[in-house]
Amino acid sequence: MFEIETGNGAEWAVGIARQPTGVRASDWNKSSYGREDLLRCARGELFGLGNAQLPLPPMLMFDRIVKITADGGEHGRGLVVAEMDVKKDLWVYDCHFQGEPGMPGCLGWDALGQMLGFFLGWRDLPGPGRALSVGEVKFAGEVKPNGKLLRYYVDVKKVIKRSFALAVADGHCELDGKRVYSANGLRVGLFPVVEKSG
């Protein structure tokens, strides 16, 4: 066992040996994914149980991945573009806030983290994912019920592959073409489960 520093003062204990994980679906490696693909990932059916999984609704924060590449983006190390159709009955509008509904900005950051974890699974790296830290978050607008399309971009800066996998990226969200959130220094890791010895 060893520990890694997450950059925000927290540490994760990580084992060195890999344990077997679930079988990947035959169609797991594509350049875009629809809603049913994302739900399969959330159930552990896309990359296999014990590997990267998305959360199930309502915490799944996008409807489709329209583009995923290993060599795209500003840094040439990967790009993920996802979209969410903004609906007036989105679950968050009932509770945040009554009389003045708006999607919490932290859910925009969470969507970017979900996408980065998906990217690591798509790169065929093993283990369940965990969001570790973010360097800087800025809010420049709000996602209100009158919006139509929320588009998320994750631009991968670095992928570290050892006994665990770690990705560092920058990301942003646009509502109907206007930037509303940005996050720099996103860090997500995949940590294969290991058995503890004596």
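Everything quoted here is computed from the prediction, not taken from an experiment. Residue positions are given per chain, counting from 1 as you read along its sequence in written order. The predicted origin of the model limits local features to residues at a pLDDT of at least 70 and limits the giving and counting of side-chain atom pairs to 80 or more, whereas totals for whole chains, interfaces and linings rest on all residues. Side-chain metrics in this entry use all non-hydrogen atoms of the structure; hydrogen atoms and water are not considered.

### Some words on the nonpolar core
Okay, step 1: We call a set of buried residues a nonpolar core when its members are Ala, Val, Leu, Ile, Met, Phe, Trp, Tyr or Cys and they connect through side-chain atoms within 4.5 Å of each other. Here's how the labels work: a residue is buried when its accessible area is under 20% of the maximum for its type, exposed when over 50%, partly exposed in between, all with a 1.4 Å probe on protein chains only. In this structure, Phe62, Ile65, Met103, Phe118, Val143, Leu150 and Tyr152 are the most contacted members of the largest nonpolar core, which totals 50 residues.
Okay, step 2: Among the elements of the structure, α1 (35–42), β3 (64–69), β4 (79–85), α2 (105–122), β7 (149–161), β8 (165–175) and β9 (178–190) are those that each provide at least two residues to this core.
Okay, step 3: In this description a helix means any DSSP run of H or I spanning at least four residues, a strand means any run of E spanning at least two, and both kinds are numbered starting from the N terminus. Broken down by element, this core gets its largest block of residues, nine residues, from α2.
Okay, step 4: Two residues form a contact once any of their heavy atoms are found within 4.5 Å. Apart from the residues lying within four places of it in its own chain, the contact partners of Leu150 are Ala82, Glu83, Met84, Val86, Met103, Val143, Cys173, Glu174, Leu175 and Val180.

### Let's talk about the packing of aromatic side chains
For any pair of aromatic rings, geometry is given as the distance between the ring centres together with the angle between the planes.
Okay, step 1: Stacked, edge-to-face and tilted labels apply to pairs of Phe, Tyr and Trp rings (six-membered ring for Trp) whose centres lie within 6.5 Å, assigned for plane angles under 30 degrees, over 60, and everything in between, in that order. For the structure on display, the rule yields seven aromatic pairs.
Okay, step 2: For the ring pair Trp28 and Phe47, a centre distance of 6.2 Å and an interplane angle of 80° mean the geometry is edge-to-face. Highlighted residues: Trp28 in the loop between β2 (11–14) and α1 and Phe47 in the loop between α1 and β3, separated in sequence by 19 residues.
Okay, step 3: Accessibility expressed as a relative area gives 15% for Trp28, which makes it buried.
Okay, step 4: By relative accessible area, which is 1% here, Phe47 ends up buried.
Okay, step 5: Centroid distance Tyr33 to Phe118: 5.0 Å. Interplanar angle 80°. Geometry classified as edge-to-face. Of this pair, Tyr33 sits in the loop between β2 and α1 while Phe118 sits in helix α2; the two residues are 85 residues apart in sequence, bridging distant segments of the chain.
Okay, step 6: Aromatic rings pair up to connect Trp28, Tyr33, Phe47 and Phe118 into one cluster.

### Things to note about the environment of His172
Okay, step 1: Among the structural elements, His172 can be located in strand β8.
Okay, step 2: Along the chain, His172 and Ala183 lie eleven residues apart, while their C-alpha atoms are 6.0 Å from each other.
Okay, step 3: Polar contacts here mean pairs of N or O atoms no more than 3.5 Å apart (in protein, one a potential hydrogen donor and the other a potential acceptor; neighbouring residues in sequence count only if both atoms are side-chain atoms). In this structure the side chain of His172 is engaged in a polar contact, spanning 3.2 Å, whose partner is the side chain of Glu174.

### As for the pattern of salt bridges
Okay, step 1: Note on definitions: salt bridges are taken to be side-chain nitrogens of Lys or Arg within 4 Å of carboxyl oxygens of Asp or Glu. Tallying each qualifying case throughout the model produces eleven salt bridges.
Okay, step 2: Two residues, Arg24 and Asp124, come together in a salt bridge whose shortest N-O distance is 2.8 Å. Pair noted here: Arg24 is in the loop between β2 and α1 and Asp124 is in the loop between α2 and β5 (129–133), with a separation of 100 residues, a long-range link.
Okay, step 3: Residue Arg24 is classed as buried on the basis of its relative accessible area of 18%.
Okay, step 4: Across the pair Asp37 and Arg40 runs a salt bridge whose closest N-O atoms are separated by 3.1 Å. With Asp37 and Arg40 both in helix α1 and three residues apart, this pair spans about one turn of that helix.
Okay, step 5: Note on Asp37: relative accessible area 11%, which makes it buried.
Okay, step 6: Judged by relative accessible area, Arg40 falls into the buried class, the value being 16%.

### Topic: α2
Okay, step 1: Over its 18 residues, α2 extends 26 Å from the first C-alpha to the last, a length consistent with the 26 Å expected when each residue adds 1.5 Å.
Okay, step 2: Counting buried residues along α2, 15 of its 18 residues qualify, which places the element largely inside the surrounding structure.
Okay, step 3: Count one or two residues on from α2 and you reach Asp124, which has phi positive near 70°. Multiply 1.5 Å by the residue count of a helix minus one, and that product is the helix's expected span.

### Things to note about the confidence of the model for the protein
Okay, step 1: Per-residue confidence for the protein gives a mean pLDDT of 90; residues scoring 70 or more make up 87%.
Okay, step 2: Confidence scores labelled pLDDT are given residue by residue by the predictor and lie between 0 and 100. Considering only residues more than four positions removed or in separate chains, one finds that residues 10–20, a stretch of pLDDT under 50, has 34 contacts.

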